[in-house]
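Residues per chain are reported as follows:
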Amino acid sequence: MARSALTVPDLLRARAVEAPDSVALVVDGGDRLSYADWERRSDAAARGLVAHGARLGDRIALLFDNARWTDYAVAYVATLRAGGVAVPLGPRFAAPELASILEHCGAAGVVCPPDLTPGASTRWVASPAELEAAGEHTDAGAVGAPVHPSDLAEILYTSGTTGRPKGVALTHENVLFHDPPPEPEAAAGDSRAAFVHSFPIGTNAGQEVLRVPLRRADRTAVVLPVFEPDRFCALVVEHGVRRLQLVPAMAEMILSSGAIDRHDLTSVERVILSSAPAPPALIERIAAALPRAEVWNTYALTEAGTARTLMIYDGTRPGSVGRGVGGTEVRVVDDEGRDVPVGETGEVWLRRPGAPVRHYYRDPEATAEGFAGDWVRTGDLGHLDEQGYLYLDDRKKDLIITGGLNVSSIEVEGVLSEHPAVAEAAVFGVPHDVLGQDVAAAVVLRAPADERELQAFVRDRLAEHKTPHRIFVVDRLPRNASGKVLKRELRASLGEGEAVGREREVVAARTPEEAAVLSIWAEVLQKDDVGADDDFFSLGGHSLAAAQIVARLNDALGVDLPPDAVFEAPTVAELAAATIAARRQAATRPV
């Protein structure tokens, strides 16, 4: 595992020489990208970046959704080739968060499709097509800015325990630090093997799968823009996929939807669960549904890089996330950083000796708090057994993980407290069948306000996955003698209950549009008692299901609802009205 002096553009150039026509990336229902096209387009885009004034070390934000994965791949390599620092960002960040990130990293410019505007000031904004066109009309040869392995390559922003997005900084050396690749894994009758994923751009998992076809000459990445269980399984069958990597929420959806029973997944030999804790019951269900496959449960953090643990499920240690792999070392320590005895709970620390250490960009205080030399202080509480297997017990700083994404309770509390009607707020995670956890809040009001109003207030300021989908009005917040809110009591008393003000009566559909929406909700949410006045989130809805519902409604009714339509119209009746309005609006547009 010697440290490499190569860069990502070097890997792409080598692949383009070895196998120019091999397809590296495929977007389901969209574009395909061969190594040769990836090399040619990224070189042109790099020259376009230089023409826009990009300089060595400039931070360049890349704002893309998963439907434009191939354009993102081109822009990412182009940024590194031009000597810039890539700042990958997906649409999961709300406008204020995005503006804060661009300011924090000092972005010189933004590369994004024309319909994804950053809404913040930078020196320039350009689309991938503009950059490529500009580069193709320059006389300069191939771009290859001189970079050192220790130079910064990318910054991944992830919500941390302080409440604001923090940028995890990776050098070129860090980006390419991996174990030697295993033997080639080709599909039957082919020289390449495909893997299917739906990881968001800008996440650590998304970056890892982007680079797999560059590190592995035998792999093709197939991207599903919007996760849909049946389509995901169909792609697994179509490509003969042998290894699946899933967020637990996705695995839960595949199982609960019945998609796993409607498709022949006998090609699957391994299922890897990552990005969030996987409940033991979920692992058992996957193992039962795919008896030929090994189920791997992993524990890793963006900050820890390749330091991680792995548990291959065998039923003997339910709840464990395994032992360190690839040389990873695991410690469980007390508040003074001293190892605690086996079986006792403490903070989990990880490291991988010899691996380049990551840090928080422009945040020495957070770096000092989150790192101890080459050890990463995870902020998770856990314990080790006699054989060194790790078990996670709790989140040290009330960080909520919903669908594999981190939500800081402090951040959401701060936004709720800005509402003029809110005197106090406490945010906590509650169990969710699909997401693992969902965001809930208890509020003390100083003036009348309803749940929908408070949710809209948060939604305007933070991403959807941070919006409390259950809000409880209480007379006071439980506190200990020192004044700290006892969130454990809130979870125990409110976590299993219904939010204040919700009274459910199953109402039959009153219009054809309501009937269509109701039918799609019932199918996606796996509910047989959906009513026209039901609220999406009270039925256990979540962002992945919302995207499916909108996509199916657009197909069924011939409308063009935006991806966030369910959040703006969260009842069957309201969403039906939105479809009618969308149809009327489309009819009035000039042809």
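Residues numbered from 1 in each chain as written. Predicted model: local features only at pLDDT ≥ 70, side-chain atom pairs only at ≥ 80, totals over all residues. Heavy atoms only, no water.

### Remarks on helix α16 (residues 512-525)
Here α16 contains 14 residues, and its C-alpha end-to-end distance of 20 Å stays within 8% of the 20 Å for a straight helix at 1.5 Å per residue. All of the buried residues along α16 are E513, E514, V517, L518, I520, W521, V524 and L525. Each buried residue of α16 lies within a common arc of 170° when the element is viewed along its axis, so the set occupies one face. If you follow the buried residues of α16, they end up packed against α17 (543-557) and α19 (572-588). (Helix = DSSP H or I, 4+ residues; strand = E, 2+ residues; numbered from the N terminus. Expected span 1.5 Å × (residues − 1). Buried < 20%, exposed > 50% of the residue type's maximum accessible area, 1.4 Å probe, protein only. Arc of directions from axis to C-beta. Contact = heavy atoms within 4.5 Å.)

### Some remarks on the pattern of salt bridges
Counting across every chain of the model gives 35 salt bridges. Across the pair R262 and D230 runs a salt bridge, and its minimum N-O distance is 2.7 Å. With R262 in helix α10 (residues 259-262) and D230 in helix α8 (residues 229-239), this residue pair connects regions lying 32 residues apart in the sequence. Using a relative accessible area of 49% as the deciding quantity, one classes R262 as partly exposed. Here the residues in one salt-bridge network are D10, R13, E39 and R81, joined through shared partners. (Salt bridge = Lys/Arg side-chain N within 4 Å of Asp/Glu carboxyl O.)

### Some details on the pairing of strand β26 (residues 470-473)
Two strands pair when backbone bridges link them, and strand β25 (residues 436-445) and β26 are joined in this way by four bridges, in the parallel orientation. Its bridge partner lying in β26, A441 is registered against I471. Read as a crossover between parallel neighbours, the route from β25 over helix α14 (residues 451-459) to β26 is right-handed. (Pairing = 2+ DSSP bridges. Right-handed = clockwise from strand over helix to strand, strands pointing away.)

### What about unusual backbone geometry?
Generally, phi is negative for residues other than glycine and the peptide bonds are trans, each holding for most cases. In this structure, R362 is a non-glycine residue whose phi angle is positive, near 50°. In this fold, R362 is placed in the loop between β18 (359-360) and α12 (364-370). One non-glycine residue, Q526, lies in the positive phi region at around 60°. By the secondary structure assignment, Q526 is in the loop between α16 and α17.

### Digging into the sheet that holds strand β24 (residues 422-432)
Sheet strands pair via backbone hydrogen bonds, and the direction of the pair is either parallel or antiparallel. Spatial ordering of the open sheet is given by β24-β25-β26, a layout of three strands whose pairing is mixed. Because the sheet does not close on itself, it has two edges, and the strands there are β24 and β26. Sheet twist, expressed as the mean angle between neighbouring strand axes with direction ignored, is 25°. Across the sheet, helix α15 (residues 487-494) touches β24, β25 and β26, and the angle it forms with β24 is around 65°. (Axes fitted to C-alpha atoms, helices over the stretch in contact; angles between N-to-C directions.)

### Comments concerning the confidence of the model for the protein
The predicted model of the protein has a mean per-residue pLDDT of 88, with 92% of residues at 70 or higher. In this model, residues 497-502 is a region of pLDDT below 50 whose contacts with residues beyond four sequence positions or in other chains number 17 contacts. (pLDDT = per-residue confidence, 0-100.)

### A look at the packing of helix α2 (residues 35-51) against helix α3 (residues 69-81)
Between α2 and α3, the least distance of the axes is 8 Å, while the angle of their chain directions is 55°. Our classification of the angle between α2 and α3 gives oblique. As α2 packs across α3, the resulting crossing turns out to be right-handed. Here α2 contributes W38, E39, R41, S42, D43, A45, A46 and L49 to the contact with α3, which in turn contributes D71, A73, V74, V77, A78, T79 and R81. (Parallel < 35°, antiparallel > 145°, perpendicular 65-115°, else oblique. Left-handed = near helix turned anticlockwise from the far one by under 90°.)

### Overview of the state of the cysteines
The tally for this structure, following the rule as stated, stands at zero disulfides. C105 provides the cysteine sulfur closest to C112, a residue in no disulfide bond, and the two sulfurs are 14 Å apart. (Disulfide = S-S within 2.5 Å.)

### Quick notes on the nonpolar core
Judged by nonpolar contacts, the single largest core of 99 residues is most densely connected at W38 and Y76. Sort the elements by how many residues they give to this core and α3 lands first, with nine residues. Among all residues touching W38, those that are not within four sequence positions of it are L12, A24, L25, L33, A73, V74, V77, L210 and L214. Core analysis: the next-biggest nonpolar cluster, separate from the first, contains 27 residues, L518, L561, V566 and A582 among them. (Core = buried A, V, L, I, M, F, W, Y, C linked by side-chain atoms within 4.5 Å.)

### Side note on the packing of aromatic side chains
The description of an aromatic ring pair rests on the distance of the ring centres and on the angle between the ring planes. Counted under the stated rule, the structure contains nine aromatic pairs. Seen from their ring centres, W69 and Y72 are 6.0 Å apart, and the 70° between their planes marks the pair as edge-to-face. In this pair, W69 and Y72 both sit in helix α3, three residues apart, roughly one turn of the helix. Take W69 and Y72: they sit in the same class, and that class is buried. (Phe/Tyr/Trp six-rings, centres within 6.5 Å; stacked < 30°, edge-to-face > 60°.)

### Points about helix α5 (residues 128-136)
Turning to α5, its buried residues are P128, L131, E132 and G135. Summarising the axial view, the buried residues of α5 lie within an arc of 95°, below the 170-degree limit, and thus occupy one face. Lining the buried residues of α5 we find α2, α3, β5 (109-111) and β6 (124-126).

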